[in-house]
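Spelled out, the chains give:
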Amino acid sequence: MEKRLTLAIVLTVIFLIAYQQLVLKKYVPPPKKAAATESVVVRTSPAPAQTTTVNEPAPLSTSAVGEDRVRTWVKETKDYRAEFSNRGATLISFTLLGHKGSDHKPLELVSKRREVSPFAVSGEGADLFNSVYHKMETQESSEGTRLTFTFDDGQGNRSYKEFFLPSQGTLLDFSSRFFVNGRSRRLSLLWGPGLGTILEKDKENAGYEFDESLCFYDFGKVKRLKIKDIKEQQQIPANKWAALDIKYFVALLSFKRNDGAAWIKTVEDSGNGKKGQRHGILLFQGDGSFYLGPKSHDILKAMGDSKENIIDYGFFGLIAKALLFLLQKAYSLIPNYGVAIILVTIVLKLVLLPLTFSSSVSMARMQELQPEIKRIQNRYKKFDRRDIEARQKMNQEVMGLYKEHKINPAGGCLPLFIQLPFLWGFYNLLSASIEIRHQPFFLWIQDLSQKDPIYILPVLMGLTQILLQKMTPSTSTDRNQVFMTYGMSIFMTVLFLNFQSGLVLYWLLNNILQVVQQYFVLDVLKKRKQTESLKKKAA
């Protein structure tokens, strides 16, 4: 039974490795073209985090510029820094001040890969309405800033784009109107390509952190498509929201009314002449809002329409969500997610203790019966393996032996498999939860969502695995048993080297608790043997 359990764990770990894409495709960003005109920056001060009174909106502040004069406008709050350009009335930078990239700078969500920028016009009208907007207006209030761009070429072609940037949070409202030759037209805007820019450090350390997906709400169901699998432009059957997301962050488009429309297309980057990673461009028509920020379960759930399902917890998602809930509760008591993982592991072990303890006892008692089972098997060796009747008699004798000693053969295996979904749940939790990203434990473990940089935890895990195997009673002394004790443990240690340090911490502590449990199991069996021996002597 111990062999089956170890094999099951190994197969599960191998599947985890197959599920985790460790190598990002190489990408070299194209060189930027020098700006044709000088940029002038207009900055606004961050709005106060708290206000005691609600002020009347400030009067409009208008900046009129020449047709070829490019200007930028910046708003910075405690949550973000947004930079707009009057060239096409587009968002050219959006950094999250509370989150950092692998370069330790505030995380940028606007791609630097292409010439196009978010909120540019795509398709019809692009040549006309992606030029410089001659008027830029701002209106300040305690709630945020209203930014309006106006384009009018004097020939019946006009465009108005309006954005509302909040003082708190990262939910940006937008609206647009277009007139071509004096007639109102419904044109497409875009977001993309993708989110952010991949750095060389990201390729080495982030795994598949920057692999993009498209999520959308299709009349009551949340659906997901991998950007790398989308080859041609297609309409998204989304009537409420659609989103481009990477591992921890999302650009989430929500329509104000149910008359919005969205499409997805992809572009391909290439570096050094090789095929590059694909990036999604979200096209949309209709007014709405963009949430630009972390994929926080609580924030997305509060927005409604099942937006929290943008977070992909994969297999055993319910278990991953339950573990996240427990981790957050433990974190509220002791603000260290490493300690929280330890506390949750102990709680899980206590909850599963009746099953795992009885399982360990059953396994130990079954192994005590191995000599008798071996004798039964040897008696039937002389029969042909195709002799069904002989095999049935042998199995009946083995089952009779189990019954005589009051052992349930399934009891030694099934309860232990209950632990495997929790291993998988922890893996998915650590792979997808922004709450764990860049969270330190202690000393050299400064990010529980990344591997142990000096491999101390995996080595300790391997040693506890060997100790646990050696503590498991066995009558076998053949090479297979030696391999089970050392070979499999070394194999699992190698597999866990590149897993998240939080996951290794969970399995290491689980092994330590199992060693303690096994000690008490052996003590119980020893006392039981002594009692039975005394009874025989008394008889």
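Right, let's walk through the structure included here. The structure presented is a predicted model; accordingly, all values stated were derived computationally and were not measured.

## Some thoughts on unusual backbone geometry
Right, so step 1: P193 follows G192 through a cis peptide bond whose omega is 0°.
Right, so step 2: Within the fold, P193 resides in the loop between β13 (188-191) and α3 (200-205).
Right, so step 3: Backbone geometry at F316 places phi at a positive 55°, although glycine is not the residue there.

## Notes on the environment of W191
Right, so step 1: By secondary structure assignment, the location of W191 is in strand β13.
Right, so step 2: You can call W191 buried: its relative accessible area is 1%.
Right, so step 3: W191 sits 99 residues away from F290 along the chain, and the two C-alpha atoms are 9.7 Å apart.
Right, so step 4: Of note is the side chain of W191, whose polar atom sits 3.2 Å from the backbone oxygen of G194.

## Considering the pattern of salt bridges
Right, so step 1: One pass over the full model with this rule turns up 13 salt bridges.
Right, so step 2: D79 is the salt-bridge partner of K78, the closest N and O atoms lying 3.3 Å from each other.
Right, so step 3: Here D287 makes a salt bridge to R257, at a shortest N to O gap of 3.7 Å. Of this pair, D287 sits in the loop between β20 (274-285) and β21 (288-294) while R257 is found in the loop between β18 (249-255) and β19 (261-271), placing the two residues 30 residues apart along the sequence.
Right, so step 4: Judged by its relative accessible area of 18%, D287 is buried.
Right, so step 5: Overall, the relative accessible area of 44% leaves R257 in the partly exposed class.
Right, so step 6: Members of the salt-bridge network, linked through shared partners, are R224, D245 and K295.

## Thoughts on the nonpolar core
Right, so step 1: Ranked by size, the top nonpolar core spans 51 residues in total, and within it F94, W191 and F290 carry the most contacts.
Right, so step 2: Contact partners of F290, with chain neighbours within four places excluded, come to F119, T170, L171, L172, F174, W191, A251, L252, L253, L282 and F284.
Right, so step 3: One finds W241, Y313, L503 and L505 within the second-largest nonpolar core, a separate group that totals 44 residues.

What counts, and where the lines are drawn
Residues numbered from 1 in each chain as written. Predicted model: local features only at pLDDT ≥ 70, side-chain atom pairs only at ≥ 80, totals over all residues. Heavy atoms only, no water. Helix = DSSP H or I, 4+ residues; strand = E, 2+ residues; numbered from the N terminus. Buried < 20%, exposed > 50% of the residue type's maximum accessible area, 1.4 Å probe, protein only. Polar contact = N/O pair within 3.5 Å; in protein donor to acceptor, adjacent residues only side chain to side chain. Salt bridge = Lys/Arg side-chain N within 4 Å of Asp/Glu carboxyl O. Core = buried A, V, L, I, M, F, W, Y, C linked by side-chain atoms within 4.5 Å. Contact = heavy atoms within 4.5 Å.

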